[in-house]
Structure formats: C-alpha cells, structure tokens
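Residue-level structure breakdown
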Amino acid sequence: MDIKQFVVDAFTNEPFSGNPAAVCLLGELLPAETMQQIAAENALPETAFLTRNSDARYNIRWFTPDIEMDLCGHATLATAHVLWHHLDHPQKRIQFSSNSGVLEVSQKDGRYILDFPARKPTPATLPETIKKSLDVQPVEVLKSRDYILIYEDEEQIIQLSPDQKVLDDINLDPGGFAITAPGMECDFVSRFFTPGRQIFEDPVTGSAHCSLVPYWAEMLGKNKLHARQLSDRGGTLYCENQGDRVLIGGKARTYSEGTIFVEVAANA
C-alpha cells in the first residue's frame with residue numbers, strides 16, 4: 001500500500017520551529033498496530049491518520065511513537081493545513097470525527113482555528129515522583145487530563161529543568177504535565193512534558209491549552225489570550241475561552257511531502 005504523507009510544522013510560520021506532525025492520507029483505516037508502527041517509524045511527536053467519512057466528515061486518529069492519543073491539537077491543525085493548502089478542500093470549515101467527539105477547524109486572519117472541548121483543571125495533589133523531579137516547586141497544582149503546574153513568572157518556566165531520569169517510570173498516558181506562568185510579552189507561557197516517553201518535551205501542545213485557556217481566562221479576567229510555548233522550537237497560539245469550548249488558533253507550514261510504503265491489507 002502506498003500512503004501519501006505530509007510533514008507539517010504547526011503553530012508557526014517559521015522554518016524549523018513549531019511542532020512537527022506527519023499527516024497520512026488513507027483510503028481505508030489501517031489496523032491500529034500498523035498505525036502505531038508508522039508513528040514509531042516517523043519518530044515525530046504525532047502522526048495523524050485521515051480517512052473520509054461517509055457523511056462528508058473526516059475521521060482522524062493520532063499516534064505518538066508510543067501510544068494512541070485521545071486528543072491532539074497540533075496534528076489536527078497540520079491536517080487541516082494539508083486539506084486546504086494541498087488538497088483544495090472547498091468548504092470554509094472542516095469537521096473531524098475523533099475519539100474526543102466532533103472537532104471543527106476554520107480559518108480566520110490567516111490562521112487555522114481549532115474548536116476543541118474545554119478541560120478546566122481542578123485542584124490536585126502532585127505525584128511524589130514528579131515533585132522530586134522539579135528543581136523549583138509550583139505555587140499551585142491542578143489536573144484535568146494533564147497535571148497543570150502554576151509558577152510565578154516566565155523566567156521560572158524558561159529555567160526549569162525536570163529530571164527525566166527520575167520520571168522514567170511514571171505513566172501518565174495519555175497525558176503529561178504542563179508548567180505555566182504569566183508571560184512577559186504575551187498573556188501566558190507554558191512547556192509540556194511526557195514522562196517515560198520517547199519525546200520527553202513536546203514542542204507545542206495544542207491539547208494542553210484545553211486546560212490552560214480556561215485557567216488563565218479566569219485568572220486574567222479575559223477570554224481572548226495570546227500564548228507562547230517555550231520549548232526549544234517554540235510556538236505561538238491565539239486562544240479564546242468559550243465556556244465548554246476552547247478556540248486555539250495558529251499558523252502552519254509544510255516541511256515535506258512524500259510517499260510511504262506499507263505491506264499490509266487495509267482494515268477498518
């Protein structure tokens with residue numbers, strides 16, 4: 001089977017920045033084991049697999065090199081970019097059926113806008129192993145899918161260096177933990193870590209903003225928020241709190257286009 005694949009950098013318009021995702025265009029869904037093997041072979045933060053739904057929606061699934069994810073922002077944004085930029089998708093909105101329900105992507109002001117479910121975090125106790133891995137402790141701990149660790153300022157987010165070896169035995173599937181603080185030139189900043197996985201720090205994590213945006217909207221008293229993720233690659237997100245939904249906007253650029261070859265029968 002020949003599979004068309006694009007690699008797209010999401011939440012950026014600069015080369016070698018943002019979060020890279022592979023987008024595989026399928027005629028029929030492959031077995032989950034095969035999709036996991038492709039994602040592991042790609043060795044990117046996420047690989048999205050896209051099929052066309054009978055009701056004119058698309059089906060989307062996301063895999064890291066290790067596991068299937070319940071929700072992924074940057075690979076969804078990358079997929080929408082491929083559909084509009086390379087495949088001339090005619091509609092102004094795209095709907096994806098996913099493990100997190102129906103997700104919609106639109107375009108506005110030169111950005112792709114993800115319409116995702118809000119996941120407002122609630123107070124939580126930090127696992128002892130995560131606590132031990134941190135050279136500076138947070139002032140507040142919250143949790144939804146991911147742990148959300150609140151810090152006082154952006155410099156702490158830049159300087160923090162979690163001990164990966166201490167975290168190797170933790171399993172937070174399908175999530176991780178975000179560290180976040182008010183930003184100096186934006187509303188808030190963050191970084192995101194996935195203990196025990198091949199890619200320890202995720203470059204730009206759209207799904208984590210399903211929790212970060214409701215928190216910071218309440219703390220800052222505003223619903224439209226400009227965010228930066230401060231990984232080595234970095235990324236910019238333009239967000240809006242809408243109660244039970246979160247809008248997450250950003251740009252994307254194609255890095256590569258090609259074909260992969262898989263010797264397996266398609267299987268729904």
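Quick note: structure is the one above.
Each value, and the rule that gives it
- Residues numbered from 1 in each chain as written.
- Predicted model: local features only at pLDDT ≥ 70, side-chain atom pairs only at ≥ 80, totals over all residues.
- Heavy atoms only, no water.
- Salt bridge = Lys/Arg side-chain N within 4 Å of Asp/Glu carboxyl O.
- Helix = DSSP H or I, 4+ residues; strand = E, 2+ residues; numbered from the N terminus.
- Contact = heavy atoms within 4.5 Å.
- Buried < 20%, exposed > 50% of the residue type's maximum accessible area, 1.4 Å probe, protein only.
- Lys, Arg positive; Asp, Glu negative; His and termini not counted.
- Polar contact = N/O pair within 3.5 Å; in protein donor to acceptor, adjacent residues only side chain to side chain.
- Pairing = 2+ DSSP bridges.
- Core = buried A, V, L, I, M, F, W, Y, C linked by side-chain atoms within 4.5 Å.
- Expected span 1.5 Å × (residues − 1).

1. Considerations on the pattern of salt bridges
- For the coordinates displayed, the defined rule picks out 12 salt bridges.
- In this structure, Arg191 and Glu201 form a salt bridge, with 2.8 Å as the shortest nitrogen-oxygen distance. Of the two residues, Arg191 sits in strand S13 (residues 188-193) while Glu201 sits in strand S14 (residues 201-202), which places them 10 residues apart along the sequence.
- Sharing partners across several salt bridges, the network here consists of Asp70, Arg119, Arg145 and Asp146.

2. With respect to the environment of Leu172
- One can find Leu172 in the loop between helix H5 (164-167) and strand S12 (177-182).
- Between the C-alpha atom of Leu172 and that of Asp115, which follows or precedes it by 57 residues, the distance is 25 Å.
- In contact with Leu172, other than residues within four places in its own chain, are Ile130, Tyr147 and Pro195.

3. Describing the side chain of Asp202
- The residue Asp202 is located in strand S14 in this model.
- For the buried Asp202, which has no salt bridge, the nearest side chain bearing the opposite charge is Arg145, at an N-O separation of 7.8 Å.
- Polar contacts involving the side chain of Asp202 include one to the side chain of Thr205, which spans 2.7 Å.
- The contact partners of Asp202, leaving out residues within four places of it in the chain, are Asn19, Pro45, Phe192, Gln229 and Ser231.

4. A short note on the pairing of S12
- Buried residues dominate S12, accounting for five of its six residues.
- Looking at chain direction, strand S11 (residues 147-150) and S12 are connected through four bridges and run parallel. For Tyr147, the partnering residue across the bridge sits in S12 and is Phe177.
- Pairing analysis gives six bridges linking S12 to S13, with the strands arranged antiparallel. Of the residues in S13, the one forming a bridge with Ala178 is Phe192.

5. Observations regarding the nonpolar core
- Ranked by size, the top nonpolar core spans 50 residues in total, and within it Phe11, Trp62, Phe96 and Ile248 carry the most contacts.
- Ranked by residue count, the leading element in this core is helix H2 (residues 73-86), at seven residues.
- Membership of the second largest hydrophobic core comes to 19 residues, among which are Leu160, Ile170, Leu172 and Phe177.

6. Some words on the pairing of strand S4 (residues 58-63)
- Here strand S3 (residues 46-52) pairs with S4 via six bridges, running antiparallel. Pairing of Phe49 across the sheet is with Arg61, part of S4.
- Connecting S3 to the antiparallel partner S4 that follows it, the hairpin turn spans five residues, and Ala56 within it adopts a positive phi of roughly 80°.
- Alignment of S4 against strand S6 (residues 93-98), held across two bridges, turns out to be parallel. Residue Tyr58 lies in a different strand from S6, and its bridge partner there is Phe96.
- As paired elements, S4 and strand S5 (residues 68-69) share two bridges and run antiparallel to each other. By the bridge assignment for S5, Trp62 is matched with Met69.
- Remark: four residues form the turn of the hairpin made by S4 and S5, two consecutive strands paired antiparallel.

7. Looking at unusual backbone geometry
- A cis amide bond, omega 0°, links Asp173 with the succeeding residue Pro174.
- The residue Pro174 is located in the loop between H5 and S12 in this model.
- Here Phe16, not a glycine, exhibits a phi torsion of approximately 60°, which is positive.
- Along the chain, Phe16 falls in the loop between strand S1 (2-10) and strand S2 (19-25).

8. Side note on the environment of Ser54
- Relative to the assigned elements, Ser54 resides in the loop between S3 and S4.
- As a C-alpha pair, Ser54 and Val102 span 48 residues in sequence and 14 Å in three-dimensional space.

9. Concerning helix H6 (residues 209-220)
- Along H6, nine of the 12 residues are buried, which leaves the element largely enclosed by surrounding structure.
- Those residues of H6 lying buried are His209, Cys210, Ser211, Leu212, Val213, Pro214, Tyr215, Trp216 and Ala217.
- The first or second residue beyond H6 is Gly221, which carries a positive phi of 70°.

10. Points about H2
- With 14 residues, H2 should cover 20 Å at 1.5 Å per step; its first-to-last C-alpha distance of 19 Å lies within 8% of that length.
- Across the 14 residues of H2, 12 count as buried, placing the element largely inside the fold.
- The set of residues buried in H2 consists of Gly73, His74, Ala75, Thr76, Leu77, Ala78, Thr79, Ala80, His81, Val82, Leu83 and Trp84.
- Directly after H2, the chain includes Asp88, whose backbone phi takes a positive value near 55°.

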